[in-house]
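# Architecture at a glance
In case you want the letters, here they are:
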Amino acid sequence: MTALRLFGPEKSTSPLISWTSRLDGILARFRLQYIKRCDEWDLRVADAAGDVIIAGQRIVTGWDMWQPYNDSRLPPGSLIVVDSEGTYDDLP
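Residues numbered from 1 in each chain as written. Predicted model: local features only at pLDDT ≥ 70, side-chain atom pairs only at ≥ 80, totals over all residues. Heavy atoms only, no water.

## Description of the pairing of strand β3 (residues 40-46)
Direction of pairing for strand β2 (residues 26-35) relative to β3: antiparallel, over a ladder of seven bridges. Note that in β3 the partner of Phe30 across the bridge is Val45. The turn joining β2 and β3, which pair antiparallel and follow one another in sequence, is formed by four residues; a positive phi near 55 degrees is taken by Asp39. Across four bridges, β3 lies against strand β4 (residues 52-58) in antiparallel orientation. Bridging across to β4, Asp42 finds its partner in Arg58. Between β3 and β4, which follow one another and run antiparallel, lie five residues, and Gly50 among them has a positive phi close to 90 degrees. (Pairing = 2+ DSSP bridges. Helix = DSSP H or I, 4+ residues; strand = E, 2+ residues; numbered from the N terminus.)

## Considering the nonpolar core
Ranked by internal contacts, the top residues of the largest apolar core, which has 15 residues, are Phe30, Leu43, Val45 and Trp66. For this core, the secondary structure elements donating two or more residues are β1 (16-23), β2, β3 and β4. If near-sequence neighbours (up to four positions away) are discounted, Trp66 is found in contact with Leu23, Phe30, Val45, Ile54, Leu74, Pro75, Gly77, Ser78 and Leu79. (Core = buried A, V, L, I, M, F, W, Y, C linked by side-chain atoms within 4.5 Å. Buried < 20%, exposed > 50% of the residue type's maximum accessible area, 1.4 Å probe, protein only. Contact = heavy atoms within 4.5 Å.)

## Some thoughts on the environment of Asp51
Assignment of secondary structure puts Asp51 in the loop between β3 and β4. The spacing of Asp51 and Arg29 is 22 residues in sequence and 9.4 Å in space, taken between C-alpha atoms. Those residues within four positions of Asp51 in sequence are excluded, and the remaining contacts are Val45, Ala46 and Arg73.

See the structure below:
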């Protein structure tokens, strides 16, 4: 299995960020949404048809975001969030 780096937007003033990426031949639609009352970002992933696979997953750095899900529509491997600026300290 090949390791891939998936880059989302580095900076945004919008509380809603969406993009599409092809991972291991599978088209995935990503959406990050800032939830102000919780002061956290949530992840939503949908397949090419727009059917939601993951919704409401809290973003945590250094943790496999795919791990709790067993869905054949997700690409194989792991999705691990990396804080490239060292801004957030949410590791357990």
